[in-house]
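Spelled out, the chains give:
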Amino acid sequence: MPINFIPNDPLASEPSMRNPRQQNRRPNRPAGRATFVLTGAVPEAVLPVGTPGFLFWQCREAALAAVETWEGLAGKLTRWARSTPSRRRLALFQNAGTGPDPQEFLNAFYDGQSVQFFEFTGGGKTTFSGASTDVVAHEVGHGLLDSIRPDLWSSNFIEVGAFHEAFGDSIAMLTALADAPTRQTLLGLPGALNAANFLEATAEDLSDGRLRAIGPNDPASQPRHALNTFQWQLPAFLPSGGPPATLAREPHSFARVFTGCLWDTLRNIFAGLAAQDSAALLAAAQTTGRLLVAGARTAPEAARFFQSVGRAMILADQQMNQGANRMAIRNAFTAHNVALGSTVMLAPTAALAGAAPKIAATTAALSAATRRDLGLRLGAAPRAQVLVTPMNIAGERVAHAAHQREVPLGKLHKSLKGVVALATESVLVGAVRGAAALLGAMPDSTSTIDEVTSFVETLLAHDHLALAPAKGAAAVSRRTTHAVTVQRGKKVLSRVGFFCG
Ligand SMILES: [Zn+2]
């Protein structure tokens, strides 16, 4: 029996993309793969939009479509990042509740254990964030990125948080592009990928709810557009927030720079194909998606993470496609002021003490002399741990060495006295004539401190940091992305979730 499914968003600009269509539901996930724990199941049927039964099947279908798209790009998904003990089951709440506060209930989030969507009535309308395939795929996208890069969860760099958001929007777009009727609709529009359209716009219905309930100055009161001309700037020079047209350093706002780079990569790759039909668009989307996944997997964590991912995409293209899309990627990032000198990333920049690192498929080790030398150059605390892991970047095995710098936050707020934020500083180490060599750039501690300070200021400006210790569950609001936790006797800024209102 078929179900009713809205392929894009309840307020997508094309009728066929916002109206429900009847289709057979996707099968349950095969045994041995990561899946969702569902609640509120109803027998499958063609149910009217706005009913709990419709929402159940709509949200399930959107979440499975996102995972299916991912598996087409990245291979079988067998584990989530954290979630339940087996890491097989992520809870999916298509309607986790309703309430009077639009900031809390015109919202969706991923917290490592679950993806949650809400109901809100206001401004003459009821909005279900779980009814939008865009929004559901975005949240699942956070979970998918977390499954390959669990280390990014706790990053205190603005660009890493913004990349997490851009990745969610990218998964939403790639999920849409995997759907044949969606591609046909897009290609039938004037300008296709090169004009504003329903596919490069995400979360139309949720932003309409916020526009009605909060007003036009709410940063999320307009859909985010991947087709944009936003230019990367140092986030510290951007305002902490602002209306939708303003590029701000708040993660969803700043994410649009990277999403713009990705959409332009797709446009460039598609424009270079001989055919301009649905099959060619699918091929271009898959190429773009695989490059994104490869870039996300291998980009070293750094303050300039957009650049780090873009460079890793170029190197991945070299290995996967003999560099066929090098200019497509480079031109796309350049159009948003992200310069990618990708060869710079693996170029030796300094000789280090000690012999070449020992790098195997799953382990990497630096000599004691190299570790000491690196510790001094990084300005690491005397007994700071330097974590060394192997990395395969474009077929070249290198060692990734990272330490955590503690950035004190006491000057930002009186409640943050004695609290630190951890910032990863990492370098790549390779071999030159049997000796250890630094590859690419060395992080600069002053920049790290500036970046983290600016990140925490932004959290404070948006009320995303729970300052008071939580007294029961109610004390942590749905706006909270961060809290202070105690780790080995130290008060540390920690992420509790991604909040995507
Ligand atoms: Zn998000």
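S.K.: Looking at this model, I keep getting lost on the coordination of the zinc ion. Mind explaining?
M.R.: Reference values for angles at a metal are 109.5 degrees in the four-donor tetrahedral case and 90 or 180 degrees in the six-donor octahedral case. Here the zinc ion is held by His138 (NE2), His142 (NE2), Glu165 (OE) and Cys500 (SG), and the distances to it run 2.0 to 2.1 Å. Here His138 falls in the buried class, since its relative accessible area comes to 3%. Residue Glu165 is classed as buried on the basis of its relative accessible area, which comes to 2%.

S.K.: I would appreciate a short explanation of the pattern of salt bridges in the present structure.
M.R.: Between side chains of opposite charge, a pair can form when the charged atoms approach closely. Enumeration according to the criterion identifies 20 salt bridges in this entry. Its salt-bridge partner being Asp179, residue Arg21 comes within 2.8 Å of it at the nearest N-O pair. Of this pair, Arg21 sits in strand β2 (residues 21–24) while Asp179 is found in the loop between α5 (158–177) and α6 (180–187), placing the two residues 158 residues apart along the sequence. Since its relative accessible area comes to 21%, Arg21 is described here as partly exposed. Residue Lys125 pairs with Asp208 through a salt bridge whose shortest N-O separation is 2.6 Å. Of the two residues, Lys125 sits in strand β8 (residues 125–128) while Asp208 sits in helix α7 (residues 204–213), which places them 83 residues apart along the sequence. Overall, the relative accessible area of 16% leaves Lys125 in the buried class. A single network of salt bridges, built from pairs that share partners, joins Arg26, Arg60, Glu61 and Glu68.

S.K.: Just checking my understanding: could you explain the packing of helix α9 (residues 278–298) against helix α10 (residues 305–321) for this structure?
M.R.: For any two helices packed against each other, the geometry is given by the interaxial angle and the distance between the axes. Interhelical geometry of α9 versus α10 gives an angle of 120° and a closest axis separation of 8 Å. Judged by the inter-axis angle, α9 sits oblique to α10. Once α9 is placed against α10, the crossing between them reads as right-handed. Here Thr287, Arg290, Leu291, Leu292, Ala294, Gly295, Ala296 and Thr298 of α9 come into contact with α10, specifically with Val309, Ala312, Met313, Ala316, Asp317, Met320 and Asn321. When the residues that make up the contact of α9 with α10 are grouped by side-chain class, the tally is nine nonpolar, four polar and two charged.

S.K.: Just to check I follow, could you spell out the packing of aromatic side chains for this structure?
M.R.: The description of two aromatic rings rests on the distance between their centres and on the angle between their planes. For the structure on display, the rule yields 13 aromatic pairs. On the basis of an interplanar angle of 35° and a centroid distance of 5.9 Å, the ring pair of Phe109 and Phe118 is categorised as tilted. When the ring of Phe258 is compared with that of Phe306, the centres are 5.6 Å apart and the planes differ by 55°; the resulting orientation is tilted. Highlighted residues: Phe258 in helix α8 (residues 251–271) and Phe306 in helix α10, separated in sequence by 48 residues.

S.K.: In this structure, what is going on with empty space enclosed by the protein? I would like to understand it.
M.R.: Any empty space left between atoms is shown by rolling a water-sized probe over those atoms. Under the counting rule described, the total for this entry stands at three cavities of 30 Å³ or more. A volume near 160 Å³ is recorded for the largest cavity. Those elements that provide at least two residues to the lining of the largest cavity are α5, α8, α14 (445–461) and β21 (498–499). Considered class by class, the residues forming the lining of the largest cavity number six nonpolar, seven polar and four charged. Two domains each donate at least three residues to the lining of the largest cavity, and these are domain 1 (2–334) and domain 2 (344–499).

S.K.: Honestly, the nonpolar core in this entry has me stumped. Any pointers?
M.R.: Generally speaking, nonpolar side chains in soluble globular proteins are found buried as a group. Within the largest apolar cluster, 110 residues are counted, with the highest numbers of intra-cluster contacts made by Phe163 and Phe258. If one sorts the elements of this core by residue count, α5 sits on top with 12 residues. Taken domain by domain, the makeup of this core includes at least three residues from each of domain 1 (2–334) and domain 2 (344–499). Residues in contact with Phe163, not counting those within four places in the same chain, are Leu145, Phe258, Leu292, Ala296, Phe305, Phe306 and Val309. With 13 residues, the next largest nonpolar core counts Leu366, Val427, Ala436 and Leu438 among its residues.

S.K.: I would appreciate a short explanation of the layout of surface pockets in the present structure.
M.R.: Considered as a void within the structure, the largest pocket measures approximately 1300 Å³ in volume. In terms of lining, the largest pocket is formed by 38 residues, of which the most central are Leu387, Ala402, His403, Gln404 and Thr424. Considering each element in turn, the lining of the largest pocket owes the most residues, seven residues, to strand β15 (residues 396–408). The residue makeup of the lining of the largest pocket, split by class, is 13 nonpolar, 14 polar and 11 charged. Roughly 550 Å³ of internal volume is contained in the second largest pocket.

S.K.: Where do I start with the packing of α8 against helix α11 (residues 326–334) in this structure?
M.R.: It is the contact of α8 with α11, at a shortest axis distance of 8 Å, that shows an interaxial angle of 140°. When you trace α8 past α11, the crossing you get is right-handed. Note on element contacts: α11 touches α8 through Ala328, Ile329, Asn331, Ala332 and Phe333, opposite Phe258, Cys261, Asp264, Thr265, Asn268 and Ile269. Split by residue class, the contact of α8 with α11 holds seven nonpolar, three polar and one charged.

S.K.: Is there a simple way to explain the pairing of β8 in this structure?
M.R.: The two faces of the sheet receive side chains in turn, since in a regular strand these alternate between them. In this structure, strand β7 (residues 119–122) lies alongside β8, joined through four bridges in antiparallel fashion. When the bridges of β8 are listed, Phe120 appears paired with Thr127. The turn linking β7 back onto β8 is made up of two residues, and Gly123 within it adopts a positive phi angle of 60°.

Rules used in this analysis
Residues numbered from 1 in each chain as written. Predicted model: local features only at pLDDT ≥ 70, side-chain atom pairs only at ≥ 80, totals over all residues. Heavy atoms only, no water. Donors = N, O, S within 2.8 Å, 3.2 Å for Na, K, Ca; no water. Buried < 20%, exposed > 50% of the residue type's maximum accessible area, 1.4 Å probe, protein only. Salt bridge = Lys/Arg side-chain N within 4 Å of Asp/Glu carboxyl O. Helix = DSSP H or I, 4+ residues; strand = E, 2+ residues; numbered from the N terminus. Axes fitted to C-alpha atoms, helices over the stretch in contact; angles between N-to-C directions. Parallel < 35°, antiparallel > 145°, perpendicular 65-115°, else oblique. Left-handed = near helix turned anticlockwise from the far one by under 90°. Contact = heavy atoms within 4.5 Å. Nonpolar A, V, L, I, M, F, W, Y, C, P; charged D, E, K, R; others polar. Phe/Tyr/Trp six-rings, centres within 6.5 Å; stacked < 30°, edge-to-face > 60°. 1 Å grid on protein atoms, 1.4 Å probe; cavity = no way out; pocket = protein on both sides within 12 Å on 5 of 7 lines; lining within 4 Å. Points joined across faces, edges and corners; volume = space filled by probe spheres on them. Domains from an automatic or database assignment. Core = buried A, V, L, I, M, F, W, Y, C linked by side-chain atoms within 4.5 Å. Pairing = 2+ DSSP bridges.

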